[in-house]
Amino acid sequence: MNSIHYTQTEIVSQHTIARDTWQVRIRAPEMAQTVRPGQFFMVRLAQCNDPLIGRALALYDLHRDSHGAPSDISLVYLTKGKFTQALSRCKPGAVLDVWGPLGNAFSVEPCKHLVMVAGGVGITPMLSLAGAALGSEVFGDAGSTGAFASKVSLCYGARTAAYFAGLDAFTSRGVEVHLATEDGSLGHRGRVTEVLNHLLDTSCEGVRIACCGPEPMMEGVCEIAHQRGVPCEVSLETPMACGIGICFTCVAKIRQADGSWDYRRTCMEGPVFSSQQVVW
Ligand SMILES: Cc1cc2nc3c(=O)[nH]c(=O)nc-3n(C[C@H](O)[C@H](O)[C@H](O)COP(=O)(O)OP(=O)(O)OC[C@H]3O[C@@H](n4cnc5c(N)ncnc54)[C@H](O)[C@@H]3O)c2cc1C
Ligand code: FES
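Everything in this summary refers to the structure shown in the same document.

Conventions and cut-offs
- Residues numbered from 1 in each chain as written.
- Chains lettered and ligands numbered in written order.
- Predicted model: local features only at pLDDT ≥ 70, side-chain atom pairs only at ≥ 80, totals over all residues.
- Core = buried A, V, L, I, M, F, W, Y, C linked by C-beta atoms within 7 Å.
- Buried ≥ 20, exposed ≤ 12 C-beta atoms within 10 Å, placed from the backbone.
- Domains from an automatic or database assignment.
- Contact = placed C-beta atoms within 7 Å.
- Near = placed C-beta within 6 Å.
- Helix = DSSP H or I, 4+ residues; strand = E, 2+ residues; numbered from the N terminus.
- Nonpolar A, V, L, I, M, F, W, Y, C, P; charged D, E, K, R; others polar.
- Pairing = 2+ DSSP bridges.
- Axes fitted to C-alpha atoms, helices over the stretch in contact; angles between N-to-C directions.
- Arc of directions from axis to C-beta.
- Right-handed = clockwise from strand over helix to strand, strands pointing away.

What follows deals with the nonpolar core. If you look at the biggest cluster of nonpolar residues, it comprises 79 residues, and the most contacted ones within it are Met 116, Val 117, Ile 209 and Val 221. If you count residues domain by domain, this core takes at least three from each of domain 1 (5-102) and domain 2 (111-235). The contacts of Val 117, once residues within four sequence positions are left out, are Cys 155, Val 192, Leu 196, Ile 209, Cys 211 and Val 221.

As C-alpha cells, then:
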C-alpha cells in the first residue's frame, strides 16, 4: 500500500466543465507522485467545521511541472450538498485539508479492449484510467508497466447532454466514446447499459470492463458482464467519514472465497472490487 499523505494545500484553479460539475486543481506533489487511477482523496475546507467530516473525491487527472515531475492533481465533483456547494464557491488560493491517495486502484492487467462504463459523475476515475491503459500517462509505481490495453472505449450515460463532462479530454486521448442520455439530447436515448450491450454484441474477445456510477447502473453492468463472461471491476461510492479504515461507515457486502458474504471497508479493501465480489 502507498503511504498516505496529509497536506493543507491551496486551490490552483477551479472551473465548471459541465452542468453543476466542477474541476478543481490542487498542488500536491507527494500525492501526485504515487496516486493511481481508481484511488481517491478525502477533502475538507481548512479551518471550517461545517461540514466537519471530509468527503471522498476520486483522482480525475494528473499535472506535471516544467521538469515533467507530477505536481498537481485535479478532482471533479458534482454539486450535491453542503461540502460540494461550499467547495464550488472557493477561489484560487483557498486552503483545503487533503489526505490520500486512499484505497486500492483499478487493475492494470493487460487486455485487448478496456471498456469503461460511467454514469453521471462516475466519469471521474475514467480519464486517468484511460491514460494509464493507453500508456499516454504514467502513474505511481505502476507506471513502469506502460500501456495495458490495445483499445479503450467509454460508455457514458447522463440524464441530459449538459451533464457530460470532459468529452474532448477523452477523445483527444484516443478513447472511443459512446454516449447515452435519458432524454435523447445526445447519443443513444436510454440507458448506458444498452450502449454497453450493443458494444459487446460486436465482440467480447479480450474485453475487460471498469465501471463507476449509481449503484443500480453498476449492478446492471455486473449482470451483463456475468452473462457474457467478461471480467469486470466496479468502483463503489459508499459514503465515508475517515477514509483510512477507522470508522467503518463505508462497509459494503463483499462475497468471500467460501461463497458467504461479510462486510468490507470500501476505503481500505476497495473502492474497486471485482463484479463477482459485490453483493448488491
Ligand atoms: C471512493 C469515493 C469516490 C468518490 N468520488 C467522487 C468524485 O470524484 N466526484 C464526486 O462528485 N463525488 C464523488 N464521491 C461522492 C462524494 O464523496 C459525495 O458526493 C459527497 O460526499 C457529497 O458531499 P456533499 O456534502 O456535497 O453532499 P451531502 O450533504 O453529504 O449529501 C447530499 C446528498 O447526496 C447524497 N450522498 C452523499 N454522499 C453520497 C455518495 N457517496 N453516493 C451517493 N449519494 C451520496 C446524500 O445522501 C444527500 O442526499 C465519491 C465517493 C466515494 C466513496
Ligand atoms: S471511511 Fe472510515 S473506515 Fe472507511
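Turning to the site of ligand 1, a few remarks are in order. In the region of ligand 1, 21 residues are neighbours, and Tyr 77, Gly 81, Phe 83, Thr 84 and Thr 124 sit closest. At the level of elements, β4 (55-64), β5 (70-78) and α2 (82-88) are the ones that each hand at least two residues to the shell around ligand 1. The greatest single-element share of the shell around ligand 1, amounting to 4 residues, is contributed by β4. Broken down by class, the residue content of the shell around ligand 1 amounts to 13 nonpolar, 4 polar and 4 charged.

Among the 8 residues of helix α3 (residues 126-133), 8 are classified as buried, and the element is accordingly described as predominantly covered. The elements touched by buried residues of α3 are β4, β7 (111-119), β8 (149-158), α4 (167-172) and β11 (207-212). Directly beyond the C-terminal end of α3, a positive phi value near 75° is found at Gly 135.

The next thing to look at is the sheet that holds β8. Read from one edge of the open sheet, 7 strands run β10-β9-β8-β7-β11-β12-β15, paired in mixed fashion. The sheet terminates laterally at β10 (188-189) and β15 (272-274), the two strands that pair on one side only. Both β8 and strand β9 (residues 176-181) contribute to a ladder of 6 bridges, which runs parallel. Looking at β9, one finds that Ala 158 is bridged to Thr 181. Across the face of the sheet, α3 comes into contact with β7, β8 and β11 while running at roughly 170° to β7. Running at roughly 150° to β8, helix α5 (residues 192-202) makes contact with β7, β8, β9, β10 and β11 of the sheet.

The next subject is the pairing of strand β2 (residues 21-27). Here strand β1 (residues 5-18) pairs with β2 via 6 bridges, running antiparallel. Note that in β2 the partner of Ser 13 across the bridge is Arg 25. From the end of β1 to the start of β2, which pair antiparallel, there are 2 residues, and Asp 20 there has a positive phi angle of about 60°.

Our focus in this paragraph is the sheet that holds β4. If you trace the 6 strands once around the closed barrel, you get β1-β2-β5-β4-β3-β6, paired in antiparallel fashion. Taking the axes of each pair of neighbouring strands and ignoring which way they run, one obtains an average angle of 45° across the sheet. Relative to β5, β2 runs antiparallel, the two being bridged by 7 bridges. Paired with Val 24 across the two strands is Leu 75, which belongs to β5.

Secondary-structure assignment places Val 108 in the loop between β6 (95-102) and β7. Distance in space between the C-alpha atoms of Val 108 and Phe 148 is 6.3 Å, their sequence separation being 40 residues.

Further remarks concern α5. Turning to α5, its buried residues are Val 192, Thr 193, Val 195 and Leu 196. Angular distribution of buried residues about the axis of α5 spans 155°; they occupy a single face of the element. Buried residues belonging to α5 abut β7, β8, β9, β10 and α6 (215-228).

So, on to the pairing of β8. With 8 of its 10 residues buried, β8 lies for the most part within the structure. A crossover connection joins β8 to the parallel β9 through α4; in handedness this β-α-β unit is right-handed.

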